[in-house]
Amino acid sequence: MIEHAQTAKAQGITQQYQVALSGLKMILSYQKRCKSMILQIQMTESMRDLTTISSKFVKIMGDVGTELTKVNKSVNFAKNQLEFEKGMMAAENAMSQLEDFMEDAGMSFEDAEDDQSLDEEVANLIDATGAAKVDAMDAEIDSLLAEIQKKNQTVKE
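Residues numbered from 1 in each chain as written. Predicted model: local features only at pLDDT ≥ 70, side-chain atom pairs only at ≥ 80, totals over all residues. Heavy atoms only, no water.

A. Expanded view of the pattern of salt bridges. On inspection of all chains with the given rule, the structure shows four salt bridges. A salt bridge links Lys59 to Asp63; the shortest N-O distance between them is 3.2 Å. One end of the pair is Lys59 and the other is Asp63, both in helix α2 (residues 14-71) and four residues apart, which spans about a single turn. Lys59 sits in the exposed class, given a relative accessible area of 53%. Given a relative accessible area of 43%, Asp63 falls into the partly exposed group. (Salt bridge = Lys/Arg side-chain N within 4 Å of Asp/Glu carboxyl O. Helix = DSSP H or I, 4+ residues; strand = E, 2+ residues; numbered from the N terminus. Buried < 20%, exposed > 50% of the residue type's maximum accessible area, 1.4 Å probe, protein only.)

Structure, rendered in C-alpha cells:
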C-alpha cells in the first residue's frame, strides 16, 4: 500500500492516492488492535500464572493445616485455621475477579486514537521509504504470536 500511495502521489493520481491512504489506515488500525490483543493475552497469562501459584500455595497451607489439626486438638487452633482458610479463599476469589476484570477490559478495549494523528502517521509512512519498517513490525508480531503459542502449548502439556 505504501508503494501504491507513493506511486499515485508521484503521478498525481488523487483518487488512487486516497484509496491507498484508506488501505494504510485500515492496516495500521488493525496492527494496533493486534498489538493490544497480544498485550492483553500476555497480561491475562500472567494473571493465570499468579492465580495458579496462589491456588497451589493455598492447597499446601490447607494440607499443613490439616496435619497441624491432627497434632493439635486445640479449639483455638481450629478456629484460627478456619479463619485463615476463609481469608485465603477470599484472596483467591479476589484474584479470580481481578482476572475476569482484566479479560473484560481487554474485550471492550477500543482504539481511541484520533484521525488526525493517524493521518499524520500514514503521511509519514508514504513520504518515507518505510516499507522495511512495516515488514519489521510484521516480523515482530509473528514472533510474539509464536511465543504465545509456545507458552500455551507448554501450559496444555
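B. The arrangement of helix α1 (residues 2-11) in detail. Within α1 the residues assigned to the buried category are Ile2, Ala5 and Ala8. Buried positions in α1, seen along its axis, are confined to an arc of 130 degrees and lie on one side of it. Exposed residues pointing more than 90 degrees away from the buried face of α1 are listed as Glu3, His4, Ala10 and Gln11. Gly12 occupies a position one or two residues after α1 and carries a positive phi of about 75 degrees. (Arc of directions from axis to C-beta.)

C. View of the nonpolar core. Ile2, Ala5, Ala8, Tyr17, Ala20, Leu21, Leu24, Leu28, Leu118, Val122, Leu125 and Ile126 form the largest nonpolar core, which has 12 residues in total. Contributing elements (two or more residues each) for this core: α1, α2 and α4 (115-127). If you tally residues by element for this core, the top one is α2, at five residues. (Core = buried A, V, L, I, M, F, W, Y, C linked by side-chain atoms within 4.5 Å.)

D. Region of interest: the packing of α1 against α4. Look at α1 against α4: their axes get within 8 Å of each other, and the N-to-C directions meet at 80 degrees. By the angle between their directions, the pair α1 and α4 is classed as roughly perpendicular. Touching Ile2, Ala5, Gln6 and Lys9 of α1 are Leu125, Ile126 and Asp127, all from α4. When the residues that make up the contact of α1 with α4 are grouped by side-chain class, the tally is four nonpolar, one polar and two charged. (Axes fitted to C-alpha atoms, helices over the stretch in contact; angles between N-to-C directions. Parallel < 35°, antiparallel > 145°, perpendicular 65-115°, else oblique. Contact = heavy atoms within 4.5 Å. Nonpolar A, V, L, I, M, F, W, Y, C, P; charged D, E, K, R; others polar.)

Purely spatial values, then, with no claim about function.
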